[in-house]
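Remarks on the overall topology
Each chain, written out:
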Amino acid sequence: MTPDFLVIGAGVAGLQAAIELSDAGEVLVVAKDSLWESSSAYAQGGVAVAISDDDEVALHEQDTLAAGDGLCDPVAVQALVQQGPGAIQRLLEWGVEFDRDGIRLAFGREGAHSRNRILHAHGDSTGREMARTLYQKAASIPSIQIRSFTAITDLIVEDGAVGGAVFFDEASARLTPIHARAVLLATGGMGRIFRDTTNPDVATGDGVAVAWRAGAELSDLEFVQFHPTALMIPGAPRFLLSEALRGEGAYLRNIRGERFMERYSPMLELAPRDVVARAIVAEAEATGTDHVLLDLTHLEGKFIAARFPMIYATCKSFGIDLATDPAPVTPAAHYAMGGVRSGLSGMTSLQRLYVAGEAACTGVHGANRLASNSLLEGLVFGTLAGSAMKRWARVTPVKGEPLEELTFSGMETMALRTLAWENCSLLRDRPRLETLLARLGADPSLKKTHPTRGDFELRNMKMVLELIARSALAREESRGAHHRLDFPEKRDEFRRHSMVVRQTRRRRTQIPEAPPTVQFV
Ligand code: SIN
């Protein structure tokens, strides 16, 4: 099948865009893994939307701007909060089951929101329910095809226009090009670059890496959000303990049993995520450990199990009964505010290439995303991108080819992730960032006869990590999620977005490439 439109990624943004595009031509949605392996499907927390009786779109806008710490694009924020209610209404019409109090929608509270405005589904499986609803809708539309276990390796480009992508098919281990009139990257996040992350295995920054190699502009990559409360059990994955737990009254205590947030913010446990995450690191360090405790034991046990069934069961499987035991927690990489630079409609600096969801940087989140704004982002900006892409419905696909020679990293994946965690996570400074860049620079590029999906992912992670570190080094201030120990203040001259774009593109030549440089725009 040669589709008219190629949508890469089957999370909320990709599926929503495909549904929007489906009346303009044949749409192929490609997922790297199974359909359930997207960050959307793992999202526990909820979707923020200003539709309760005591809420206003203007308040949602204010909270989003405040969390973004001076760097949100106000037009993108307006689009999000104003179009959010319509997007949720559509989802309700398609059958999404949000939790209710009687017949009315139930609204929860999360950090830095001035109102209860978070919708949840099945307690703590909101993303899964939204993805299920969108998938069911997409599957009912004959012009949408969905293919799983197919990983993008590079974009097909000619003269600054994108004409498709090359994919690695896991079953046959072969590379196959797919051409299309326009392409959407909805590949999600990059949390797996860091040793500790709440993200699923698929979140390896693929969209950002392929866009970089194709010559697209990227923006704000230094802004990586670290969720304050991931379960800290040695050897176990950093399972997310949703902010909604604190929204329902959970306390943070250090290992001496003291509540400590009052020393860091008048908003206590519901302060913005960057503030809570750094407070946890400081308390853990002050008490000589690597974690603090999330304590729900003052809440009714039955309530906890009913309101957070998946979290309760998962903690139980690790021997922690949240009704009686405080859970050890630590921050973990959670969400990328930066990504492929785009306008509201998802348009990138390359013709016919669009982006939506976490892979995009519209500027909507600024330096720090407000909790539960990302599922809404996927819905709103997925729709806008799908609608904008229709303009290419009648053009001939660009032929082109990937511009890159295929080489791979010689590092172990865990070595790279540990390097990222130790040198480029919550607390950064020049020496650590330079150490990281030197270590990446010393990693030779290797050819492989039989590369695996893991090799392609590592290639992307290494590329994106270098760009994050270069952007973090260039931003000599602390703002939102980006904290520099050597520049602890916010500085007005940095109230701009960072941008990286590849200087030279090689067509299989041996000429060394200029290192990426960061500008502020
Ligand atoms: C959470 O439930 O704490 C995560 C939700 C989000 O990141 O928006």
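Heads up: the structure comes first, above all this text.
Read on for a plain summary of the structure. (Residues numbered from 1 in each chain as written. Predicted model: local features only at pLDDT ≥ 70, side-chain atom pairs only at ≥ 80, totals over all residues. Heavy atoms only, no water.)

Mapped onto the elements of the fold, Asp4 is located in the segment before strand S1 (5-8). A polar contact of 2.6 Å, which involves the side chain of Asp4, links it to the backbone nitrogen of Glu26. When neighbours within four sequence positions are excluded, Asp4 is seen to be in contact with Gly25, Glu26, Ala180, Arg181 and Ala182. (Helix = DSSP H or I, 4+ residues; strand = E, 2+ residues; numbered from the N terminus. Polar contact = N/O pair within 3.5 Å; in protein donor to acceptor, adjacent residues only side chain to side chain. Contact = heavy atoms within 4.5 Å.)

In this section: the site of the ligand. Around the ligand, the neighbouring residues are Gly45, His227, Leu240, Ser242, Glu243, Arg273, His334, Arg369, Ala371 and Ser372. Between the ligand and the protein, one listed contact pairs an oxygen atom with a side-chain N or O atom of Ser242 at 2.6 Å. In this structure, an oxygen atom belonging to the ligand sits 2.6 Å away from a side-chain N or O atom of His334. In isolation the ligand has 250 Å² of accessible area, and contact with the protein removes 95% of it. Broken down by class, the residue content of the shell around the ligand amounts to two nonpolar, five polar and three charged. (Near = heavy atom within 4 Å. Areas by Shrake-Rupley, 256 points an atom, 1.4 Å probe, with all protein chains shown as cover. Nonpolar A, V, L, I, M, F, W, Y, C, P; charged D, E, K, R; others polar.)

Before going further, it helps to spend a moment on the packing of aromatic side chains. Evaluated as defined, the whole model comprises six aromatic pairs. On the numbers, 5.2 Å between centres and 45 degrees between planes, the contact of Phe168 with Phe456 is tilted. Placement of the pair is Phe168 in strand S10 (residues 161-169) and Phe456 in helix H14 (residues 453-474), with a sequence separation of 288 residues. With respect to class, Phe168 is no different from Phe456; both count as buried. (Phe/Tyr/Trp six-rings, centres within 6.5 Å; stacked < 30°, edge-to-face > 60°. Buried < 20%, exposed > 50% of the residue type's maximum accessible area, 1.4 Å probe, protein only.)

Attention now moves to helix H4 (residues 74-93). Given 3.6 residues to a turn, an α-helix orients residues that are three or four positions apart in the same direction. In this model, H4 (20 residues) spans 29 Å end to end at C-alpha, consistent with the 28 Å of a helix rising 1.5 Å per residue. Of all the bends in H4, the greatest reaches close to 40 degrees and is centred on Gly84; the proline Pro85 follows between one and four positions later. When we look at burial in H4, the residues that qualify are Ala76, Val77, Ala79, Leu80, Val81, Gly84, Ala87, Ile88 and Leu91. Residues of H4 that are buried in the fold lie against strand S3 (47-48), helix H3 (57-67), strand S7 (118-119), helix H5 (126-139) and helix H11 (374-389). Its side-chain oxygen placed 2.9 Å from the backbone nitrogen of Val75, Asp73 serves as the N-cap of H4. Taken from the residues just after H4, Gly95 is the one with a positive phi, measuring 105 degrees. (Expected span 1.5 Å × (residues − 1). Bend = angle between axes of the 7 residues up to and from the residue.)

To continue, consider the pattern of salt bridges. Considering all chains together, one arrives at 38 salt bridges under this definition. Taking the shortest distance from any N to any O, the salt bridge between Arg181 and Asp4 comes out at 2.7 Å. With Arg181 in the loop between strand S11 (174-179) and strand S12 (182-185) and Asp4 in the segment before S1, this residue pair connects regions lying 177 residues apart in the sequence. A salt bridge links Glu466 to Arg470; the nearest nitrogen and oxygen atoms lie 2.8 Å apart. Residue Glu466 and its partner Arg470 are located together in helix H14, separated by four residues, close to a single helical turn. On the accessibility criterion, Glu466 (19% relative accessible area) is buried. Within this structure, Lys32, Asp33, Asp206, Arg453 and Glu457 form a network of salt bridges that share partners. (Salt bridge = Lys/Arg side-chain N within 4 Å of Asp/Glu carboxyl O.)

Next up on the list: the sheet that holds S10. As summarised here, the arrangement of the three strands in space is S9-S10-S11, forming an open sheet in which the pairing is antiparallel. Of all the strands in the sheet, just strand S9 (150-158) and S11 have a single pairing partner and so form its edges. Between one strand axis and the next, the sheet turns by 30 degrees as a mean value, whatever way the strands run. Looking at chain direction, S9 and S10 are connected through eight bridges and run antiparallel. For Val157, the partnering residue across the bridge sits in S10 and is Val162. Across the sheet, H14 touches S9, S10 and S11, and the angle it forms with S9 is around 55 degrees. (Pairing = 2+ DSSP bridges. Axes fitted to C-alpha atoms, helices over the stretch in contact; angles between N-to-C directions.)

Here the focus is the nonpolar core. Counting 59 residues, the largest nonpolar core has Leu6, Leu155, Leu185, Ile193, Phe194, Leu218 and Ile468 as its most contacted members. Sorting elements by how many residues they give to this core places H14 first, with ten residues. Ranked by size, the runner-up nonpolar core spans 49 residues in total, among them Ala10, Met130, Ile141 and Phe381. (Core = buried A, V, L, I, M, F, W, Y, C linked by side-chain atoms within 4.5 Å.)

For helix H12 (residues 413-424), spanning twelve residues, the distance from its first C-alpha to its last is 16 Å, which sits close to the expected 16 Å at 1.5 Å a residue. All buried positions along H12 are accounted for by Leu416, Arg417, Leu419, Ala420, Trp421, Asn423 and Cys424.

Topologically, Ser140 is positioned in the loop between H5 and strand S8 (144-147). A C-alpha to C-alpha distance of 45 Å links Ser140 and Gln519, two positions 379 residues apart in sequence.

Along the chain, Leu440 turns up in helix H13 (residues 430-441). The spacing of Leu440 and Leu416 is 24 residues in sequence and 8.4 Å in space, taken between C-alpha atoms.

This next bit is on the packing of helix H1 (residues 12-21) against H5. Where H1 contacts H5, the axes come no closer than 9 Å and their chain directions differ by 25 degrees. The orientation of H1 relative to H5 falls into the category roughly parallel. Two packed elements cross with a definite hand, and for H1 against H5 that hand is left-handed. Here Val12, Leu15, Gln16 and Ile19 of H1 come into contact with H5, specifically with Met130, Ala131, Leu134, Tyr135, Lys137 and Ala138. Among the residues forming the contact of H1 with H5, the class breakdown is eight nonpolar, one polar and one charged. (Parallel < 35°, antiparallel > 145°, perpendicular 65-115°, else oblique. Left-handed = near helix turned anticlockwise from the far one by under 90°.)

Read from one edge to the other, the open sheet built from five strands follows the order S8-S2-S1-S12-S19, with strand pairing classed as parallel. Two strands close off the open sheet at either side, each with one partner strand: S8 and strand S19 (353-355). Each neighbouring strand pair of the sheet contributes to a mean axis angle of 20 degrees, computed without reference to strand direction. Bridge count for S12 against S19 is three bridges, and the pairing is parallel. Counterpart to Val183 in the pairing with S19 is Leu353. Against the sheet, H1 touches S1, strand S2 (27-30), S8 and S12, its axis set at about 165 degrees to S1.

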